[in-house]
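# Observations on the three-dimensional arrangement
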Amino acid sequence: KAGVTQTPRYLIKTRGQQVTLSCSPISGHRSVSWYQQTPGQGLQFLFEYFSETQRNKGNFPGRFSGRQFSNSRSEMNVSTLELGDSALYLCASSLAGPPTDTIYFGEGSWLTVV
Amino acid sequence: AQSVTQLGSHVSVSEGALVLLRCNYSSSVPPYLFWYVQYPNQGLQLLLKYTSAATLVKGINGFEAEFKKSETSFHLTKPSAHMSDAAEYFCAVSDLGSSNTGKLIFGQGTTLQVKP
């Protein structure tokens, strides 16, 4: 069974640009969540989607957005990039969402903003 | 509000020695507790999960954790460290409250170093 797949794995963007990251969940999983990981702030919850609906959102500015498609694949978008957005962005999927269902993480997308 | 505190950002043990990684949580409702491990340049892998079924939870790779409500702790242990255990470990908490739907709150992580 394929795991959670994130693309691209590495990317470099310039301040002010926007970026879209993609996540393909494990087959059959309907919940997809996103986390930002930085050395200073650690792992922070961005948002969670279930059946194309955003069920929860973390404390991030509106520049961070996401969506989920009918096939459960998800994308997150960051507009007007800032240097502080440089981070590892992790996607995780589960059958119906934590905490009752185990979430499985992808390997992440490394974003560097210069 | 939920929170997780991992005591010690770096822990160093000798190969074969006991591993003890500390985690304390704060939750106003019965929590779900997790330990994840992250190897360099990889995502997070679940080691074990507490769901109130049993206070002593056994996980993969010989790890286990004990839920102690009175101490609000969920420390991770392994009797004998292997070199391959060197990684970063994260404790996380969640619950069934509507405000926490689909969300895990992570601690800051503990880097485990295993010396030969």
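In this text, all values refer to a predicted model and were calculated from it rather than measured experimentally.

Conventions and cut-offs
- Residues numbered from 1 in each chain as written.
- Chains lettered and ligands numbered in written order.
- Predicted model: local features only at pLDDT ≥ 70, side-chain atom pairs only at ≥ 80, totals over all residues.
- Heavy atoms only, no water.
- Pairing = 2+ DSSP bridges.
- Helix = DSSP H or I, 4+ residues; strand = E, 2+ residues; numbered from the N terminus.
- Axes fitted to C-alpha atoms, helices over the stretch in contact; angles between N-to-C directions.
- Buried < 20%, exposed > 50% of the residue type's maximum accessible area, 1.4 Å probe, protein only.

### Quick word on the sheet that holds strand β6 (residues 56-58) of chain B
Residues and elements named next belong to chain B. Read across the sheet, five strands follow the order β1-β3-β8-β7-β6 without closing on themselves; strand pairing throughout is antiparallel. Two strands in the sheet have a free side with no partner beyond their single neighbour: β1 (3-7) and β6. Adjacent strand axes in the sheet meet at a mean angle of 20 degrees when their direction is disregarded. Note that strand β3 (residues 19-26) and strand β8 (residues 73-78) share four bridges and pair antiparallel. The residue bridging Val19 from the neighbouring strand is Lys78, located in β8.

### Overview of the pairing of strand β4 (residues 32-38) of chain B
Residues and elements named next belong to chain B. Taking burial as the measure, the seven residues of β4 include seven buried ones, the bulk of the element. As judged from the seven bridges shared by β4 and strand β9 (residues 87-94), these two strands associate in the antiparallel manner. Paired with Tyr32 across the two strands is Ser94, which belongs to β9. Both β4 and strand β5 (residues 44-50) contribute to a ladder of six bridges, which runs antiparallel. Following the sheet pairing, Trp35 is matched in β5 by Leu48. Hairpin geometry of β4 and β5 is characterised by an intervening segment of five residues between the two adjacent antiparallel strands and by a positive phi of about 60 degrees at Asn41.

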